[in-house]
Amino acid sequence: MSLHVDIVKRFPAFDLEVCFDAENEVMGLLGASGCGKSLTMRAIAGIERPDEGRIVVNDQVFFDSAAKVNLSPQMRKTALLFQNYMLFPNLTVEDNVAAGISRSISAADRSAIVQRELARFDVQPFAKRYPAQLSGGQQQRVALARMLAADPCILMLDEPFSALDSHLKSILEQNLSSLFDAFDGTIVYVSHDIDEALRFCDSIAVMEHGRIMERAGARELVDNPQSLAGLKLSGVKNTCDVVRVDDCRVYCPDWGITLEAARSVPDDVRAVGVRAFYLEKADAPGPNVFRMRVDRVTESRFEAMVLLSCLDRSSDADVLVESTEAEMRFLHQRLFWRINLLYEGREALPRVGDETLLRIPPEHLYLVDR
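Residues numbered from 1 in each chain as written. Predicted model: local features only at pLDDT ≥ 70, side-chain atom pairs only at ≥ 80, totals over all residues. Heavy atoms only, no water.

1. Overview of the pairing of strand 5 (residues 60–64)
Piece 1. Sheet topology note: the strand 4 (residues 52–57)/strand 5 ladder contains four bridges and is antiparallel. Among the inter-strand pairings, R54 is bridged to a residue of strand 5, identified as D64.
Piece 2. Counting the residues in the hairpin turn of strand 4 and strand 5 gives two residues, including N58, whose phi is positive at 50°. (Pairing = 2+ DSSP bridges. Helix = DSSP H or I, 4+ residues; strand = E, 2+ residues; numbered from the N terminus.)

2. Points about helix 4 (residues 107–120)
Residues that lie three or four places apart on an α-helix share one face, since the helix turns once every 3.6 residues.
Piece 1. In a regular helix each residue adds 1.5 Å, so 14 residues correspond to 20 Å; helix 4 covers 20 Å between its end C-alpha atoms and thus fits that length.
Piece 2. R110, I113, V114, E117 and L118 are the residues of helix 4 that are buried. Taken around the axis of helix 4, the buried residues stretch over an arc of 130°, which confines them to a single face.
Piece 3. The inward-facing, buried residues of helix 4 abut helix 3 (93–98) and helix 5 (136–149).
Piece 4. One or two residues past the end of helix 4 sits D122, with phi positive at roughly 55°. (Expected span 1.5 Å × (residues − 1). Buried < 20%, exposed > 50% of the residue type's maximum accessible area, 1.4 Å probe, protein only. Arc of directions from axis to C-beta. Contact = heavy atoms within 4.5 Å.)

3. Considerations on unusual backbone geometry
Piece 1. In this structure, N58 takes a positive phi of about 50° despite not being glycine.
Piece 2. Residue placement: N58 occurs in the loop between strand 4 and strand 5.
Piece 3. Even without glycine at this site, D151 takes up a positive phi of about 50°.
Piece 4. Position of D151 among the secondary structure elements: in the loop between helix 5 and strand 8 (154–158).
Piece 5. Under the relative-accessibility criterion, D151 is labelled exposed at 52%.

Written as structure tokens, this is what we have:
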């Protein structure tokens, strides 16, 4: 089982240019809204026609602009699960599950397939109901059953949990695991949630502005992101474009500080990142130790996020100006410090206006060149 995608699709203000291969795996497409994730999936399914390029699934050419091949969505035999599940409202649950099964299969075999998938996803009790009579979670299970019943050559899921609350999401993730275990082939999984992608994906491609910025194993993306988009999507709160100073230092214009790194700084370094929970209190001045002022404190159940401004900003650093983008500029010029309340206790929380010494550990800096 394999997937090859190398396509270009041009829009007035946006160009989709993606190239990747996937084997018998769950491949994640991770990126912010509007980056081209769903467009890529729709192009594979035949809903969107690329301007040029090639799409091949299991050695079958779905699209080839040079050879003038463009199979219809029906001929491609893909299974695409949208956010709203797209069940037929006028069909019962069992008829929905049967809808994608080939008409060349006998009635008895069709019925056996339907019953097998109804049982797999525990929706047999609802077989005679219509979608409007089901909860959101039940509708999703029916949609998953329909996907497998159709015996597709590739599975594609477009943010299947975006419309669910956190409790229901955790339950239905088990249904998705059942789907993945039962399918032998390539699965493309679109998401903007790194934790969700980590739970399901073998590899993850980070997308930004219609292009794949990096691709790695799911854990590798978190431990060693290679792009600014990868930093942000892997949960790094503190990111900043930088100017290389020398082999071991970078200057951060937004923060107005120079940081020392534990590893050699690439000649073409673009940005630096550090996770909010790596910032640590310091007792005395030293490398990467700065005077910080607390500007905001936001608490959740088990942690607090502290917004900091650096009092050691260099004199030539950018200053905050009043504009329609003042709030975003305000955030870009500040650092986030995450405090674990279970470990530290609420008595460790600083107050707005407090000043403190904080260290940004050189060994925990990410340096990326794209």
